[in-house]
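Below, each chain spelled out in residue letters.
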Amino acid sequence: MISEKEYRRRRDKLALVLPKQSVTVLFSGTHKTRSNDTDYPFRQDSNFYYMSGFKEDNAILVFIKQKKKYQAILFVNKKDKTAEMWNGKRLGVKKATKRFLVDHVYTKDEFEKRFKEYLVEKSILCFDFGLDYSKVKILKRYSKNIATHKDISPTIGTMRLIKSNAEIALIKKAITITKKAHHKVMKLNKVSKNEYQLLANLEYTFKSNGAYNDAYTSIVASGNNANTLHYIDNNKPLYKGDLILIDAGAEYEYYASDITRTIPVNGKFTVAQGELYELVLSVEKKIIKMIKPNILRSTLHKKSEELLVEGMIRLGILSGNVKNIIKKKKHKLYYPHGIGHWMGLDVHDTSPYKYAQGKEIPLQEGMVLTIEPAIYIDENDTSVPKKYRGLGIRIEDDILVTKDGYENMSKGIIKEIYDIENMHS
Ligand code: GLY
Ligand code: MN
Ligand code: MN
């Protein structure tokens, strides 16, 4: 759990870099309609949550900074018996005042009136430029005389790059649940008939272990479906002799995990599948071993391209020399994405990859990123030896950068061919 003191430390830290004479506004998430009268499950806005720890909708966190000192003010839903009967309990002003270490808590109804007052004699308004338009309209209406509008999202994103011990513990808990889910389906692959049966077991394991939200929509992609990168239909029959790419991660207390394993339908890799799998696995392991403070993510990516291309030449998938193939981007057909991404409150954490000046941010202790090399070969790609066509293989782990190197937080989720083949229920 993240303590209220940690949330306050985050607000203090943000306030240090907020401009003088500024007002900063962070909005909670809003309910989104799925279809008539039904909503998607509510998910709090990550930046708002990072700064407040508050899980309800219809809330706003405001920072007012005159010179050095700042005030943090939280606006929350007011208690309302009828609304609470329909949509659930609200914390309300009284309890929120007790719980959150902010300077004031008011009801959301008071926001417009107070916001106007906060803006008097301020010259800068900070908010998240990624907001939906309805919220921007409120800000525009009252900030006509404010000269400068500043996007606060990159500043918070930079803070979110370095995870605290409490955050790392939550990510590890998410990974522990994800491990159970992947291991469960590795046992069920031999008896399941359809992608959705595996999906159901992933979801069952997540939810029954307290991860009631997925970090993203799971991908259970058998056979050539694995070559559709964002395949989420998850509804096709499983055929003996195919591989299944499973990219699924639990979210625990708002923190993500993001794990991919590729396993055979009937429990045994064919020789060709094994050749391609061992290539991706060896690259994944080599790249993970390179991780340490000060190395660049782009260095890891370039190395993964070189190693994958070398291997694909060896297997007769590509021909020519490594440099030329990469220069002409021929490998992009088979390895079109990056080596990995920041992970935290969002599976693709909204932290920057570059400093404002444009230079790349190197890895530092406390950062979390995924490593996910892959090879995708479409079933209709006649330029590739027949035995490899229709195979899509990705292996993905979640890595913490440590003082001297790295910790593979998901190393307990098996990925050696021998171990996958010997998973029995
Ligand atoms: N599951 C999303 C990704 O691997 O980036
Ligand atoms: Mn990923
Ligand atoms: Mn993934």
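Not measured: the values here are computed from a predicted model.

Asks: Give me the lowdown on the side chain of Glu84, citing residues and values where you can.
Replies: If you trace the backbone, Glu84 turns up in helix α3 (residues 81–87). Using a relative accessible area of 9% as the deciding quantity, one classes Glu84 as buried. If we ignore the near neighbours within four places in the chain, the residues touching Glu84 are Lys79, Lys89 and Arg90.

Asks: Pulling in residues and values, what's your account of the coordination of the manganese ion (ligand 3)?
Replies: Here the manganese ion (ligand 3) is held by the protein donor atoms Asp247 (OD), Asp247 (OD), Asp258 (OD) and Glu396 (OE), which lie 2.0 to 2.4 Å from it. Considering all 6 donor atoms around the manganese ion (ligand 3), the spread of angles at the metal, 57 to 169°, places the coordination shape in the irregular class. Mapping the donors of the manganese ion (ligand 3) onto the primary sequence gives the spacing D-x10-D-x137-E. Between the two metal centres, the manganese ion (ligand 3) and the manganese ion (ligand 2), the spacing is 3.3 Å, with Asp258 acting as a shared donor. Residue Asp247 is located in strand β11 (residues 243–248), and its partner Glu396 is located in the loop between β17 (392–394) and β18 (397–401); the two are separated by 149 residues in the primary sequence. The burial state of Asp247 is the same as that of Glu396; both residues are buried.

Asks: Give a detailed account of the packing of helix α8 (residues 165–188) against helix α9 (residues 195–208), specifying residues and quantitative values.
Replies: At a minimum axis distance of 9 Å, the contact between α8 and α9 shows a crossing angle of 150°. As summarised for this structure, α8 and α9 are arranged roughly antiparallel, according to the angle between their axes. Here α8 and α9 pass one another in a crossing that is right-handed. For the pair α8 and α9, the contacting residues are Ile177, Thr178, Lys180, Ala181, His182, Lys184, Val185 and Leu188 in the first and Leu198, Asn201, Leu202, Tyr204, Thr205 and Phe206 in the second.

Asks: Account for the site of ligand 1, with residues named and values stated.
Replies: Taken together, Tyr216, Asp247, Asp258, His341, His348, Glu372 and Glu396 make up the full set of residues near ligand 1. In this structure, a nitrogen atom belonging to ligand 1 sits 3.1 Å away from a side-chain N or O atom of Asp247. One of the side-chain nitrogen or oxygen atoms of His341 is found 3.0 Å away from an oxygen atom of ligand 1. Classifying every residue of the shell around ligand 1 gives 1 nonpolar, 2 polar and 4 charged.

Asks: How would you sum up the packing of aromatic side chains? Please name residues and give values.
Replies: Scanning the entire structure with this criterion turns up 13 aromatic pairs. With 6.2 Å between their ring centres and 75° between their planes, Phe27 and Phe111 make a pair best called edge-to-face. Of the two residues, Phe27 sits in strand β1 (residues 22–27) while Phe111 sits in helix α5 (residues 111–118), which places them 84 residues apart along the sequence. When sorted by exposure, Phe27 lands in the same class as Phe111, which is buried. Judged by centre distance (5.2 Å) and plane angle (75°), the rings of Phe54 and Phe100 are edge-to-face. Here the residue Phe54 occupies a position in the loop between α2 (46–52) and β4 (60–65), and Phe100 occupies one in the loop between α4 (92–99) and β6 (104–107), the gap between them amounting to 46 residues. Across this residue pair, the class does not change: Phe54 and Phe100 are buried.

Parameters and conventions
- Residues numbered from 1 in each chain as written.
- Chains lettered and ligands numbered in written order.
- Predicted model: local features only at pLDDT ≥ 70, side-chain atom pairs only at ≥ 80, totals over all residues.
- Heavy atoms only, no water.
- Helix = DSSP H or I, 4+ residues; strand = E, 2+ residues; numbered from the N terminus.
- Buried < 20%, exposed > 50% of the residue type's maximum accessible area, 1.4 Å probe, protein only.
- Contact = heavy atoms within 4.5 Å.
- Donors = N, O, S within 2.8 Å, 3.2 Å for Na, K, Ca; no water.
- Tetrahedral: all angles 85-135°; square planar, octahedral: opposite > 155°, others 65-115°.
- Axes fitted to C-alpha atoms, helices over the stretch in contact; angles between N-to-C directions.
- Parallel < 35°, antiparallel > 145°, perpendicular 65-115°, else oblique.
- Left-handed = near helix turned anticlockwise from the far one by under 90°.
- Near = heavy atom within 4 Å.
- Polar contact = N/O pair within 3.5 Å; in protein donor to acceptor, adjacent residues only side chain to side chain.
- Nonpolar A, V, L, I, M, F, W, Y, C, P; charged D, E, K, R; others polar.
- Phe/Tyr/Trp six-rings, centres within 6.5 Å; stacked < 30°, edge-to-face > 60°.

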